[in-house]
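# Report on the structure
So the chains spell out like this:
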Amino acid sequence: GLELARSSEGPLRVEGAYVLGYVQSQTSLEVLGALAGHDPFLPAALQAQKSLTYSPEPQAAPILMELLDDPRPAVALCAVRALSHFPGESQAALAPRLTRLMACLTGDELRAVLRNAGRLAPAVPGITGLLASAADGPGAIGALEGLCRAGEVPEEVANRAMSSADPAAAALGAEALL
């Protein structure tokens, strides 16, 4: 796996990142962190993040949280998705980082971040409030999806969603009240 991850060919680094996810050693963690944050071949960077989800949260979460500030939106989005695979106990500082990331995103990217953040809401302080405040903005559908995933849709948010002109928001609001 290490030889593949250090290859000059991007597709081989993708394969190396995949293999290193199963190795779960300090060396593999370091190599995956380097690939995730610095590989110019985007598929290798994204695979490294996915492979980090096989490591224990206390070791992988700090690496993934740093990637939320990556200037490449695909890397930041993948980091949120990867973080959502963990219970969230090692992610206390996630809400402020998500707030910064959300300010840079629009459309489907924003929706994906908000939806995936919902998985972390039960364990990470501030996520439910962040999602509830986003439920009235451009990421309303993603925020509502995230709140539904968290099982924590505030009644006033659900009621506002139900009165929305957007049928998807209205349906999510109604579902939350069931």
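To keep things clear, this report deals only with the structure shown in the data block. (Residues numbered from 1 in each chain as written. Predicted model: local features only at pLDDT ≥ 70, side-chain atom pairs only at ≥ 80, totals over all residues. Heavy atoms only, no water.)

### Some points on helix α10 (residues 140-150)
Put simply, the rule reads: Buried residues are those whose accessible area, probed at 1.4 Å on protein chains only, stays under 20% of the maximum for their type, while exposed residues exceed 50% and partly exposed ones sit between those limits. The helix count covers DSSP runs of H or I at least four residues long, the strand count covers runs of E at least two residues long, and both are numbered beginning at the N terminus. Working rule for contacts: check all heavy atoms of both residues, and any pair within 4.5 Å makes them a contact.
By the criterion of burial, α10 is predominantly enclosed, with nine of the 11 residues buried. In the core, the buried residues of α10 are packed alongside α8 (107-117), α9 (127-134), α11 (155-162) and α12 (167-177). Of the residues trailing α10, Gly151 is marked for its positive phi of about 70°.

### Some details on the pattern of salt bridges
Worth spelling out the cut-off: Salt bridge criterion: a side-chain nitrogen from Lys or Arg within 4 Å of a carboxyl oxygen from Asp or Glu.
One pass over the structure, following the stated rule, counts eight salt bridges. When the shortest N-O distance is used, the salt bridge between Glu66 and Arg97 registers 3.0 Å. Of this pair, Glu66 sits in helix α5 (residues 57-66) while Arg97 sits in helix α7 (residues 94-103); the two residues are 31 residues apart in sequence, bridging distant segments of the chain. Using a relative accessible area of 16% as the deciding quantity, one classes Arg97 as buried. Connected through salt bridges with shared partners, the residues Glu66, Asp69, Arg97 and Arg100 form a single ionic network.

### Things to note about the environment of Ala61
Mapped onto the fold, Ala61 is located in helix α5. Accessibility expressed as a relative area gives 0% for Ala61, which makes it buried. Sequence separation between Ala61 and Ser84 is 23 residues; the distance between their C-alpha atoms is 9.9 Å.

### With respect to the packing of α9 against α10
Angle between the axes and distance between the axes are the two parameters that describe a pair of packed helices. How we decide: Between N-to-C directions, angles cover 0 to 180 degrees, with each direction set by a line fitted to C-alpha atoms, over the stretch in contact for helices. In a left-handed crossing the near helix is turned counterclockwise from the far helix by less than a right angle, and in a right-handed crossing that turn is clockwise. Polar here means any residue other than Ala, Val, Leu, Ile, Met, Phe, Trp, Tyr, Cys and Pro, which are nonpolar, and Asp, Glu, Lys and Arg, which are charged; Gly is therefore polar.
Packing of α9 against α10 brings their axes to within 8 Å, and their N-to-C directions diverge by 145°. Note that α9 runs across α10; the crossing there is left-handed. In contact with Thr128, Leu131, Ala132 and Ala134 of α9, α10 contributes Ala140, Ala143, Gly146 and Leu147. Classifying every residue of the contact of α9 with α10 gives six nonpolar, two polar and no charged.

### Brief notes about the packing of aromatic side chains
Here is the rule: Side-chain rings of Phe, Tyr and Trp (the six-membered ring for Trp) are treated as a pair once their centres are within 6.5 Å; stacked means planes under 30 degrees apart, edge-to-face means over 60, and tilted covers the remaining angles.
All chains considered together, the criterion is met by two aromatic pairs. Consider the rings of Tyr18 and Tyr22, whose centres lie 5.4 Å apart with planes at 65°: the pair is edge-to-face. Pair noted here: Tyr18 and Tyr22 are both in helix α2 (residues 10-23), with a separation of four residues, about one helical turn. Accessibility expressed as a relative area gives 48% for Tyr22, which makes it partly exposed. One aromatic cluster is present, formed by Tyr18, Tyr22 and Tyr54 through successive ring pairs.

### Side note on the side chain of Asp39
Applied cut-off: Any pair of nitrogen or oxygen atoms within 3.5 Å is treated as a polar contact; in protein, a donor-acceptor pairing is required on top of that, and neighbouring residues in sequence qualify only through side-chain atoms on both sides.
Looking at where Asp39 falls in the secondary structure, it is placed in the loop between α3 (26-38) and α4 (42-52). Only 2.5 Å separates the side chain of Asp39 from the side chain of Arg13, close enough to count as a polar contact. A distance of 2.7 Å separates a polar side-chain atom of Asp39 from the backbone nitrogen of Phe41. Aside from chain neighbours lying at most four places away, what touches Asp39 is Arg13, Ala34, Ala44, Ala45 and Arg72.

### Some words on the nonpolar core
Here is the rule we go by: Think of a nonpolar core as a cluster: buried Ala, Val, Leu, Ile, Met, Phe, Trp, Tyr and Cys residues, connected wherever their side-chain atoms sit within 4.5 Å.
Ranked by internal contacts, the top residues of the largest apolar core, which has 57 residues, are Leu64, Leu83, Leu94, Leu98, Leu101, Val113 and Ile127. A per-element tally of this core places helix α6 (residues 73-83) first, with eight residues. With residues near it in sequence (within four places) discarded, Leu94 still touches Met65, Leu68, Leu83, Leu120, Val124 and Ile127.

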